[in-house]
Amino acid sequence: MPSPPRVYDVVILGAGAAGLMCAAVAAQRGRRVVLLDHNAQPGRKILISGGGRCNFTNIHCTPDRFLSANPHFAKSALALYTPQHFLELVNRYRIPWHEKTLGQLFCDHSSRAILDMLLAECERGRTDIVLNARNIQVDRSSDGYHVSSLAGDFAAHALVIATGGLSIPKLGATGLAYDLARQFGLRIIEPRPALVPLVLGGDEARWTELTGVSTEVVAWSGPAQGRRPAPRFREKMLLTHRGLSGPAILQASSYWRPDEPVHVDLAPALAPGTKLIQPLLRPRARRDETSFRQALRAALPQRLANHLADIAAPAGWSNAALDTAECNLRDWQFHPVGTEGFEKAEVTAGGINTDDLNTRTMEARSVPGIFVIGEAVDVTGHLGGFNFQWAWASAVAAGNAL
Ligand code: FDA
């Protein structure tokens, strides 16, 4: 005879950033919580995040740093649990940290400190953590939720889905959150790779000859005007053996859609009113390929300048032709043939439709007792600590409602 399920108040699926935080909050409020994960260790993404130093939040955490079909959904949770709240927790554990750039807070030493802190918070609430819980299946009955797995069976009145998105399958990412959403009638915004390198093909494949070149740019993709113009990102672009990467491109990739261009201003550091081709505009200046190349070499990395001199020379040397060349360089349009996919994407955009969730509690509107938090939800942050802040904030919202 199968043994009866272990009974809890809450079963949380996924011991990542959101699941651990939610477990800690709910358990410290007196709930009996079990946290299940199919991996052999919790928080694997936390450990590798931020190059091993975990960019655990960003002090400039405003709602416009997040993508979602409903840009208002995340506001409530983000306002109730702010970067300052998480920082207080970090400080309580005496974890040394620093601001690297643009409000991004990193551990001084290792991401392990953040994971250990979350595990200690779970321990304070006596959360049970069950690892290697593979083959998770969920059934609903009048008593609540029954969760079976290879590590045992569990029953509870509340079920939290915190199994993340599809990014980096080798770290344990699966589509379980979406499968459960379909099972319980929650809608899904098509998941897509975000914060991901872009692949160049066709004539643009020649850019890969510049592999290793890194330069500051402003990059953007999506509508330049309108109600929600695409944000512009002034950071580094890196040429890779497959195409484009670096923080500016990763940021723009979250807004990129197939068949749309990615726009790049290749010389954002020039003083306002100054042009790349300025030297050619001086009285009696030479106007030929050599002077054009020299002008580019004066402002850009040499390999990039040489490449552009080969492919972006003006069609003639009139002022109008030079102006057109200048405009092209300040709004260079790449036409990526794709992304490097979920294997390389730092996050998954899209996910469980926020219209089906309560904005304050993350509970499913039509399925009482099911909560969805973290990356599984259609809320995706910019690069720079925003995705963890969403994981913490959505987890606290649910944890306080359980
Ligand atoms: P997360 O993916 O953390 O956790 C989901 C958990 O569910 C995992 O433990 C997984 O094993 C488990 N799971 C999945 N499927 C399951 C199944 N079928 N059965 C059982 N368990 C299952 N963000 C940021 O703000 N700052 C940063 O520095 C970084 N750095 C970074 C680096 C890299 C390389 C990546 C890939 C990502 C980042 N991120 C980041 C993004 C950040 O890691 C991410 O947004 C959060 O971890 C999301 O937290 P969740 O808890 O929602 O999912």
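What you see is a predicted model, and the numbers here were worked out from it, not measured in a lab. (Residues numbered from 1 in each chain as written. Predicted model: local features only at pLDDT ≥ 70, side-chain atom pairs only at ≥ 80, totals over all residues. Heavy atoms only, no water.)

Engineer: Explain the pattern of salt bridges residue by residue, including any values.
Structural biologist: By the definition in use, this model includes 12 salt bridges. Two residues, Asp265 and Arg330, come together in a salt bridge whose shortest N-O distance is 2.7 Å. Of this pair, Asp265 sits in strand 18 (residues 262–265) while Arg330 sits in helix 11 (residues 319–330); the two residues are 65 residues apart in sequence, bridging distant segments of the chain. On the basis of relative accessible area, Arg330 is assigned to the partly exposed category, the value being 22%. (Salt bridge = Lys/Arg side-chain N within 4 Å of Asp/Glu carboxyl O. Helix = DSSP H or I, 4+ residues; strand = E, 2+ residues; numbered from the N terminus. Buried < 20%, exposed > 50% of the residue type's maximum accessible area, 1.4 Å probe, protein only.)

Engineer: Can you break down the site of the ligand residue by residue, with the values?
Structural biologist: Near the ligand lie 29 residues; those nearest to it are Ala18, Asp37, Thr174, Glu375 and Phe388. Contact distances for the ligand include 2.8 Å between an oxygen atom and a backbone N or O atom of Phe388. For the shell around the ligand, the elements supplying multiple residues, two or more each, are helix 1 (17–28), helix 2 (44–48) and helix 12 (386–399). Broken down by element, the residue count for the shell around the ligand peaks at three residues, all from helix 12. A per-class count over the shell around the ligand returns 11 nonpolar, 14 polar and four charged. (Near = heavy atom within 4 Å. Polar contact = N/O pair within 3.5 Å; in protein donor to acceptor, adjacent residues only side chain to side chain. Nonpolar A, V, L, I, M, F, W, Y, C, P; charged D, E, K, R; others polar.)

Engineer: Any details on the sheet that holds strand 3 (residues 33–36)? Residues and values, ideally.
Structural biologist: Two pairing modes exist for strands in a sheet, parallel and antiparallel, and in both the strands are linked by backbone hydrogen bonds. The strand order 8-3-2-12-22 describes an open sheet built from five strands, whose pairing is parallel. The open sheet has two free edges, formed respectively by strand 8 (128–130) and strand 22 (370–372), since each of these has just one partner strand. This sheet shows a mean twist of 20° between the axes of neighbouring strands, independent of strand direction. With three bridges joining them, strand 3 and strand 8 adopt parallel strand pairing. In the strand pairing of strand 8, Val34 is matched with Asp128. (Pairing = 2+ DSSP bridges. Axes fitted to C-alpha atoms, helices over the stretch in contact; angles between N-to-C directions.)

Engineer: Report on the environment of Leu266, specifying residues and quantitative values.
Structural biologist: Counting through the fold element by element, Leu266 comes out in the loop between strand 18 and helix 8 (278–281). We classify Leu266 as buried; its relative accessible area is 1%. A C-alpha to C-alpha distance of 35 Å links Leu266 and Gly164, two positions 102 residues apart in sequence. The residues contacting Leu266, other than those within four sequence positions of it, are Glu216, Val217, Met237, Leu300, Leu308, Leu329, Arg330 and Trp332. (Contact = heavy atoms within 4.5 Å.)

Engineer: Break down the UniProt feature "domain: RsdA/BaiN/AoA(So)-like insert" (unreviewed entry) in the protein chain for me, with residues and values.
Structural biologist: Within the UniProt annotation, "domain: RsdA/BaiN/AoA(So)-like insert" (unreviewed entry) is assigned to residues 192–347. Measuring from the first to the last C-alpha atom of residues 192–347 gives 9 Å, for a span that is 28% helix and 21% strand. (UniProt positions renumbered as here; feature names shortened; annotations may be inferred.)

Engineer: Describe helix 5 (residues 112–124), with residues and values.
Structural biologist: Over its 13 residues, helix 5 runs 18 Å from end to end, which matches the ideal 18 Å to within 8%, given 1.5 Å per residue. If you check which residues of helix 5 are buried, you get Ile114, Leu115, Met117, Leu118, Glu121 and Cys122. The arc that holds the buried residues of helix 5, viewed along the axis, is 160°, so those residues lie on one side. Away from its buried face, by an angle of more than 90 degrees, helix 5 presents the exposed residues Glu123 and Arg124. Arg126 sits one or two positions beyond helix 5 and adopts a positive phi of about 60°. (Expected span 1.5 Å × (residues − 1). Arc of directions from axis to C-beta.)

Engineer: How would you summarise the UniProt feature "domain: RsdA/BaiN/AoA(So)-like Rossmann fold-like" (unreviewed entry) in the protein chain if you had to cite specific residues and measurements?
Structural biologist: Here, UniProt's "domain: RsdA/BaiN/AoA(So)-like Rossmann fold-like" (unreviewed entry) annotation points to residues 9–400. Taken end to end, residues 9–400 is 29% helix and 23% strand, and its two terminal C-alpha atoms sit 13 Å from one another.

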